[in-house]
Amino acid sequence: MLNYYYSDSIEQFLVKSTEEIIGSITLSNQFDSNRNQNQSWEQQIPLLKKSLVGFVGTMFLEFSIPRMGKRVDCLVIIENVVFVIEFKIGEKEYLSANMDQVWDYALDLKNFHQPSHLALLVPILLASEAKDTFIQFIETSHNDGLLRPIKSNKHELREIINRSLTFSLDRNYVNEAEYATGSYSPTPTIIEAAVSLYQHHTVENIVRNDADAINLSRTTSSISHIIDDAKTKSKKVICFVTGVPGAGKTLVGLEVATTHLDKAKGNSSVFLSGNGPLVAVLQEALTRDKVLREKELGNKITKGLAREGVKAFIQIIHHYRDAYLVDPTAPYDHVAIFDEAQRAWNKEQTVNFMKTKKSQPDFKYSEPEYLISCLDRHKDWAVVVCLVGGGQEINTGEAGISEWLNAIYDSFPDWEVCISPNLIDSEYNAVDTIKKLETKCITNFDKDLHLEVSMRSFRAEKVSLFVKQLLDIDIEAAQKTLLLISNNYPIILTRDLKKAKAWLKEKARGTERYGIVVSSQAQRLKPLAIDVRSPIDPIHWFLDGKEDVRSSYYLEDVATEFQVQGLELDWACVTWDGDLRYSEEEWKSYSFVGSKWQNIHKEERKKYLLNAYRVLLTRARQGMVIVVPDGNTEDHTRKAEYYDGTFEYLKELGIQIL
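Quick look at the structure, then. (Residues numbered from 1 in each chain as written. Predicted model: local features only at pLDDT ≥ 70, side-chain atom pairs only at ≥ 80, totals over all residues. Heavy atoms only, no water.)

**With respect to the sheet that holds strand E17 (residues 569–575)**
- The parallel open sheet is built from five strands, whose spatial order is E16-E17-E21-E15-E22. A strand with exactly one partner marks an edge of an open sheet, and here the two such strands are strand E16 (514–518) and strand E22 (656–657).
- Relative to strand E21 (residues 620–627), E17 runs parallel, the two being bridged by six bridges. From the neighbouring strand, Thr575 faces E21, where its bridge partner is Val627. (Pairing = 2+ DSSP bridges. Helix = DSSP H or I, 4+ residues; strand = E, 2+ residues; numbered from the N terminus.)

Below is the structure:
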């Protein structure tokens, strides 16, 4: 259900005075209303009245878009058309950012608001003082009843409404009475979710809650119960949350962390991740949002001060580790949430790092063992929450989840263990360790600790399954799954990067983010102007706008699995190099050394490369294009045979050719 500050029939709106309407808006918005807003309404309302004379329908002012934390200035329903109108009073130009703004509002309704799914949505940017323009009604290849934004000045709105009604004769009428009360089931990006949770919203308010995805709230409830039980009974518990890629594991962790943000000292929680790009992007997004919100309230806050508060909530796991090397006391937090726990370092990697980088020659723990030991310093209670992704270890020394289980078995047998039953799946490689653990520790299995539905792709829940089947070379199963998802989630194959870029730009609407992702081992894409050895700044790549050459939108800088793991795009271009090559028996893995490709023989490194492509192929929320370049007979590092087999395999799966 969506809310609004004012709603009425068009007929009643026309006979009420401007003062009466503003009074109704102000009563609904008594905490945020200000003089500038009132002045805007004083001009918007007469303009709307002039434009709506003679029409029959319903209108809303300040109609909410919860996922975005925004409100549409005006939403008008006439017959089978929903007009989404954003006013820019006094503006003489149609700025691209304002065009994207109104398009984003309409996109949110089209994607997530059930009554809007079958309606014709017409986004209108009304720059009151702009010159007359040629009015165009342009559909997109999505063919979903959402037009490109239409430009209007203060004189053209009535004509646009008239012509829109003629344009949409074949659509069913919108039920005006049920529009605002209709189901709204958003699926935010992890950045949007973090910002919203930090503003003290809850998971239930910002994500869809349909039957398929209901266990997101069940998982957070289960963890909350574990925390409350540990505190009440003064015990220490570690729990493992599993989930398919994009299922919302990070979202669950952020929810638990924000729930305890304002608790009294000694009862707080901290969200920890070894994923540097993820933490950097989330910290920057939260900081920017905090500064912007304070500015809107008339308050001044420096970016540095805003960032300090954010850092108390979300931290790099290594900074947390290093702090308690120096400080022997128990941590401030009783609850620590470790995101992507499978990526924690094994003992060899940790000992070597601590010896060479931290001057700790006597250090003797794996990273999981040491991190648990920090929480074990509490005399009363503590909870460790491990968020676990299967098949996502992409760095040398990443131990997988068994390292955590072994740490409990060897050093902390008095800790209780709560485990998702799915942790026994082969991709986690933990079956034997769990059996061993059960002989020594209290071990409880809780089905609510598994997230089985991908929240990343609101268009197709089976994308991660398709990617798994693709990488498992399970051709028949992959073909069947692709048929199930292709209508809602386009996957396109091409050999032409230029065509792929054009496809991305055509598919993306509003501020939907798109970009090119490649394997970190893809070192022979340089002829395509792709150089993985030129590192990107993930903050600029993921957060900056279309005008910034450093952003993903520019399609110049590319991100690797290390920069995109845990984050997401709306539309992705996965460019495939000769590092991973299809053969009928198995994938062949290569690294580029010096001037030639060399076989990768170590099973561990083969797994990392396969997982790298798993990450890349599951980044897009709405669709992706896969580029497998043509070979070059004049370049011994880019022979056709390095690429053709992979292209033909993907084609055999049924992926559409661009």
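**Notes on the nonpolar core**
- Formed by 87 residues in total, the largest nonpolar core has its most connected members in Phe466, Leu470, Trp576 and Leu650.
- The leading source of residues in this core is helix H7 (residues 190–198), at seven residues.
- Leave out the neighbours within four places in its chain, and Leu650 touches Leu470, Leu493, Trp576, Ile626, Val628 and Ile655. (Core = buried A, V, L, I, M, F, W, Y, C linked by side-chain atoms within 4.5 Å. Buried < 20%, exposed > 50% of the residue type's maximum accessible area, 1.4 Å probe, protein only. Contact = heavy atoms within 4.5 Å.)

**Let's talk about the environment of Pro413**
- Of note, Pro413 is situated in the loop between helix H16 (402–411) and strand E12 (416–419).
- We classify Pro413 as partly exposed; its relative accessible area is 35%.
- For the pair Pro413 and Trp541, spaced 128 residues apart in the sequence, the C-alpha separation amounts to 44 Å.

**Brief notes about a negative patch on the surface**
- Taken together, Glu584, Glu585, Glu648 and Glu652 make up a surface patch of like negative charges.
- Mapped onto the fold, Glu585 is located in the loop between strand E18 (580–581) and strand E19 (588–593). (Patch = residues over 30% accessible without salt bridge, like charges linked within 9 Å, V, L, I, M, F, W, Y side chains within 5 Å. Areas by Shrake-Rupley, 256 points an atom, 1.4 Å probe, with all protein chains shown as cover. Salt bridge = Lys/Arg side-chain N within 4 Å of Asp/Glu carboxyl O. Lys, Arg positive; Asp, Glu negative; His and termini not counted. Charge placed at Lys NZ, Arg CZ, Asp CG, Glu CD.)

**Here we look at the environment of Glu584**
- Note that Glu584 resides in the loop between E18 and E19.
- C-alpha separation for the pair Glu584 and Gly645, spaced 61 residues apart in sequence, amounts to 9.3 Å.

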